[in-house]
Amino acid sequence: MRFFVSGMPGVGKTTLAKRIADEVRREGFKVGGIITEEIREGGKRTGFRVIALDTGEIGRLAYVGYGYPRLGKYVIDVEGFERVAIPALSRALRGADLIVIDEIGPMEFKSNEFLKALGLVLKSEKHLLATVHRRLVDRYRPLGEYYWLTPENRNAVFSEILGRIKGLLKEK
Ligand SMILES: Nc1ncnc2c1ncn2[C@@H]1O[C@H](COP(=O)(O)OP(=O)(O)OP(=O)(O)O)[C@@H](O)[C@H]1O
């Protein structure tokens, strides 16, 4: 089963993905994939990092500066992102009970390797929880269960997705 979660910036998509990953792992299942977090310095957002869920390895995804490719004020560190994200997704495809991808978004799309890995994940039978940038929702929502997160529903959506994933994993 695939779960796609979208919502406005800052609504809690990353928090939900992390909490579900933690809970599923606590139940004794293997969770793989990636989490994207902002990098803050002096109270300001200066970029984004990617974290491998299984190893905790960290790579840079984007930073404020000059360079290419870019998205708004951010330069995308395609190499830094791929170094962590691509092996993490390969390991997840081989061995995880649940794959988490936070997030499917325009920054990640600067990486062809990410697009390839995402294609393999979507071709596989693995259970997937992915957060999706709101501009890309139309492409992914037909591929699974879709939730639009709001401050009002985020705890209910968390419980529902977690309950369903646990049910699916325990069925096996
Ligand atoms: N369920 C929740 N209850 C209380 N606070 C929350 C909850 N979910 C998220 N937050 C808070 O809201 C802020 C933004 O959360 P988060 O980074 O998860 O959002 P996001 O949707 O992933 O943001 P982005 O658009 O940057 O990807 C954080 O400070 C987080 O602590």
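Just above, that's the structure.
A brief look at the structure comes next. (Residues numbered from 1 in each chain as written. Predicted model: local features only at pLDDT ≥ 70, side-chain atom pairs only at ≥ 80, totals over all residues. Heavy atoms only, no water.)

**Remarks on the overall build of the chain**
Each helix and strand in the chain was counted, giving five helices and nine strands. Radius of gyration (C-alpha) of the chain: 15 Å, near the 16 Å computed for a compact globule of 172 residues. By the burial criterion, 51% of the 172 residues in the chain qualify as buried. Restricting the contact set of the chain to residue pairs at least 6 apart, pairs at least 24 apart contribute 65%. By element, 51% of the accessible surface of the chain is carried by carbon and sulfur atoms, the whole surface being about 8,700 Å². (Helix = DSSP H or I, 4+ residues; strand = E, 2+ residues; numbered from the N terminus. Rg over C-alpha atoms; globule rule 2.2 N^0.38 Å. Buried < 20%, exposed > 50% of the residue type's maximum accessible area, 1.4 Å probe, protein only. Contact = heavy atoms within 4.5 Å. Areas by Shrake-Rupley, 256 points an atom, 1.4 Å probe, with all protein chains shown as cover.)

**Description of the packing of helix α2 (residues 78–95) against helix α3 (residues 112–123)**
Put simply, α2 and α3 touch, their axes get as near as 10 Å, and they point 15° apart. As summarised for this structure, α2 and α3 are arranged roughly parallel, according to the angle between their axes. Here α2 runs over α3; the crossing is left-handed. Contacts between α2 and α3 involve F81, E82, I86, L89 and L93 on the former and, on the latter, N112, E113, F114, A117, L120 and V121. (Axes fitted to C-alpha atoms, helices over the stretch in contact; angles between N-to-C directions. Parallel < 35°, antiparallel > 145°, perpendicular 65-115°, else oblique. Left-handed = near helix turned anticlockwise from the far one by under 90°.)

**Here's the deal with the side chain of H127**
With respect to the secondary-structure elements, H127 resides in strand β8 (residues 127–132). A polar contact of 2.8 Å, which involves the side chain of H127, links it to the backbone nitrogen of M1. In this structure H127 touches M1, D97, L98, I99, L168 and L169, once residues within four positions along its chain are discounted. (Polar contact = N/O pair within 3.5 Å; in protein donor to acceptor, adjacent residues only side chain to side chain.)

**Side note on helix α5 (residues 154–171)**
With 18 residues, α5 extends 26 Å between its outermost C-alpha atoms, agreeing within 8% with the 26 Å of an ideal straight helix rising 1.5 Å per residue. Taken as a whole, α5 has its buried residues at V157, F158, I161, L162, I165, L168 and L169. The buried side chains of α5 occupy one side of the element, clustering within an arc of 130° when seen end-on. Of the exposed residues in α5, those oriented more than 90 degrees away from the buried face are A156, K170 and E171. (Expected span 1.5 Å × (residues − 1). Arc of directions from axis to C-beta.)

**What about the sheet that holds strand β9 (residues 145–149)?**
Two pairing modes exist for strands in a sheet, parallel and antiparallel, and in both the strands are linked by backbone hydrogen bonds. Here nine strands make up an open sheet; going across it, the order is β5-β6-β4-β3-β2-β7-β8-β1-β9 and the pairing mixed. The open sheet has two free edges, formed respectively by β5 (70–71) and β9, since each of these has just one partner strand. In the sheet, strand β2 (residues 31–41) pairs with strand β7 (residues 98–104) via four bridges, with the strands oriented parallel. When the sheet's bridge partners are listed, I34 is paired in β7 with I101. Across the face of the sheet, helix α1 (residues 13–26) comes into contact with β1 (2–7), β2, β7, β8 and β9 while running at roughly 140° to β2. Sheet contacts for α3: β1, β2, β7 and β8; angle to β7, the most-contacted strand, approximately 140°. (Pairing = 2+ DSSP bridges.)

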